[in-house]
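Coordinates in review
Single-letter residue listing:
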Amino acid sequence: MHIAHAAIFDANAVVYGGFVRDYIMRNESANDVDVNTADYDATEKQITAALKSHHIIEQDPHVKQWGKQTLYRRLTYHWKGHKLEVDLVDPAKVRLVPRMDQPSASGSALRP
């Protein structure tokens, strides 16, 4: 939840996808947090700075991990022995389309 809070309130970004569906709406565990941003570097810097106060540390901050066809940047954080993943997604590269197992687009994103 700290990651989503940092993305929304510190990086002024939108959190959407499985985290919203699973963790927020279904009260189940989520495997990552999807963050909509056009500025990967600024968003990573803002999220990472906000998480330090919670002792959530980015793994290998100098290594940039890219997802499928470089459509998103994956950040990996560590906290109390757990791996937490954040996918930074540029809306110009990946269009958000709600699926049948997700609520409507207006209900599947958390905005600042």
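Being a predicted model, the structure only gives us computed values, none of them experimental. (Residues numbered from 1 in each chain as written. Predicted model: local features only at pLDDT ≥ 70, side-chain atom pairs only at ≥ 80, totals over all residues. Heavy atoms only, no water.)

**Digging into the confidence of the model for the protein chain**
In the predicted model, the protein chain carries a mean pLDDT of 84, and the fraction of residues at 70 or more is 85%. The secondary-structure element of the protein chain with the lowest mean pLDDT is strand β7 (residues 109-110), recorded at 57, while helix α3 (residues 40-52) shows the highest, at 95. When the criterion is pLDDT under 50, residues 99-107 qualifies, and its contacts beyond four places in sequence or with other chains add up to 14 contacts. (pLDDT = per-residue confidence, 0-100. Helix = DSSP H or I, 4+ residues; strand = E, 2+ residues; numbered from the N terminus. Contact = heavy atoms within 4.5 Å.)

**Considerations on the nonpolar core**
Membership of the largest hydrophobic core comes to 21 residues, with the highest contact counts inside it found for Val-15, Val-35, Ile-47, Leu-51, Tyr-77, Val-86 and Leu-88. In terms of residue count, the dominant contributor to this core is helix α1 (residues 2-10) (five residues). (Core = buried A, V, L, I, M, F, W, Y, C linked by side-chain atoms within 4.5 Å. Buried < 20%, exposed > 50% of the residue type's maximum accessible area, 1.4 Å probe, protein only.)

**Thoughts on the packing of α1 against α3**
Running from amino to carboxyl end, α1 crosses α3 at an angle of 125°, the nearest separation of the two axes being 9 Å. It follows from the interaxial angle that α1 and α3 lie oblique. The chirality of how α1 crosses α3 is right-handed. Residues His-2, Ile-3, Ala-6, Ala-7 and Asp-10 of α1 lie in contact with α3, whose contacting residues are Gln-46, Ile-47, Ala-50 and Leu-51. Class assignment for the residues of the contact of α1 with α3 results in six nonpolar, two polar and one charged. (Axes fitted to C-alpha atoms, helices over the stretch in contact; angles between N-to-C directions. Parallel < 35°, antiparallel > 145°, perpendicular 65-115°, else oblique. Left-handed = near helix turned anticlockwise from the far one by under 90°. Nonpolar A, V, L, I, M, F, W, Y, C, P; charged D, E, K, R; others polar.)

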